[in-house]
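Listed below are the residues making up each chain.
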Amino acid sequence: MTNYYGEHSKVWVSVDCIVFGFEEDKLKLLIGRRQMDPGRGEWSLYGGFVGADESLEDAANRVLFQLTGLKKLYMKQVGAFGAIDRDPGERVISVAYCALINVKDYDDKLREKFNLEWVSIDELPKLYSDHNEMVRDAIKLLRRRIKTEPLSFNLLPELFTLTQLQHVYEAILDNEIDKRNFRKRIKQIAIIEKTDLIDKLTSKRGATLYRFDRKAYDEDHSFKL
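Everything in this summary refers to the structure shown in the same document. (Residues numbered from 1 in each chain as written. Predicted model: local features only at pLDDT ≥ 70, side-chain atom pairs only at ≥ 80, totals over all residues. Heavy atoms only, no water.)

Section: the state of the cysteines
Per the counting criterion, the structure on display carries zero disulfides. No disulfide involves Cys-17; its sulfur sits 9.8 Å from that of Cys-98, the nearest cysteine. A relative accessible area of 0% places Cys-98 in the buried class. (Disulfide = S-S within 2.5 Å. Buried < 20%, exposed > 50% of the residue type's maximum accessible area, 1.4 Å probe, protein only.)

What follows is the structure, given as structure tokens:
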């Protein structure tokens, strides 16, 4: 390291990870009790400080892997949060990232290890510092992108019913969707592939299972709902 910029004050840079999952037809957030001061015991997102040899994205990926044990997650930067008094301990600027995971892919032992809980966004408690603001901004980002990016499939198992897919859209948009119109539009999207398999666990009558055709999407990135 050099001695440049010595006349300027230094600040800490951290990343905070907003991890969304979909369960019981609800959009949920992974949160836990803060294990350090200041704010020990308060509900909080999970995060960490950026290392001297890390980019912001590297730090976010590291934190997400520590938290979930999963790699190559859908992750987007939400924004930077730098209010002067946002952290009573030090001058800390945090860059928030949101990630989407399938809850069933998440090892519950890790959740227990970090003492975390899945909480519905409709029942979200007061979080540490400006973490509620981060979550609100992340939801706005998802709502902007869900009709032009196939992000909803990151919250679902590999095989899903159209009802499950509709419920993901309704949970993110916080709005009921007309079933007939939704299915008509979905069936016109080439990257959603119908299978010969039937779901008999969540559907009494038996519903057709579909899958996201990632190869088709990677070839032309065409998606609009």
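From this point, the discussion proceeds with the structure in view.
A word on the side chain of Ser-120
Structurally, the position occupied by Ser-120 is in strand E7 (residues 116-120). Ser-120 gets classed as buried once you look at its relative accessible area, which sits at 5%. For Ser-120, the contacting residues outside a window of four places in its chain are Lys-26, Leu-27 and Lys-28. (Helix = DSSP H or I, 4+ residues; strand = E, 2+ residues; numbered from the N terminus. Contact = heavy atoms within 4.5 Å.)

Observations regarding the environment of Ala-138
Looking at where Ala-138 falls in the secondary structure, it is placed in helix H3 (residues 131-145). Expressed as a C-alpha distance, the spacing of Ala-138 and Ser-55, which sit 83 residues apart in the sequence, is 21 Å. Once you skip the residues sitting within four places of it in the chain, Ala-138 turns out to touch Ile-18, Phe-20, Val-78 and Cys-98.

Remarks on the layout of surface pockets
Picture a little ball the size of a water molecule; that probe, rolled over the atoms, points out where space is still empty. Its boundaries defined by the atoms lining it, the second largest pocket holds a volume of some 560 Å³. Elements with a minimum of two residues in the lining of the second largest pocket: strand E1 (12-23), strand E2 (26-33) and strand E4 (46-49). Class assignment of the residues belonging to the lining of the second largest pocket gives a composition of eleven nonpolar, eight polar and eight charged. (1 Å grid on protein atoms, 1.4 Å probe; cavity = no way out; pocket = protein on both sides within 12 Å on 5 of 7 lines; lining within 4 Å. Points joined across faces, edges and corners; volume = space filled by probe spheres on them. Nonpolar A, V, L, I, M, F, W, Y, C, P; charged D, E, K, R; others polar.)

Looking at H3
Look at H3: 21 Å from first C-alpha to last across 15 residues, which is about the 21 Å you get at 1.5 Å a residue. Buried within H3 we find His-131, Asn-132, Met-134, Val-135, Ala-138, Ile-139, Leu-141 and Leu-142. The elements touched by buried residues of H3 are E1, E2, strand E3 (43-44), strand E5 (74-81), strand E6 (92-100) and helix H4 (162-173). (Expected span 1.5 Å × (residues − 1).)

Points about the pattern of salt bridges
A side chain with one charge may pair with a side chain of the opposite charge, provided their charged atoms come close. Tallied over the entire structure, the rule returns eight salt bridges. Three or more residues are tied together by salt bridges with common partners; here these are Glu-23, Glu-24 and Lys-28. (Salt bridge = Lys/Arg side-chain N within 4 Å of Asp/Glu carboxyl O.)

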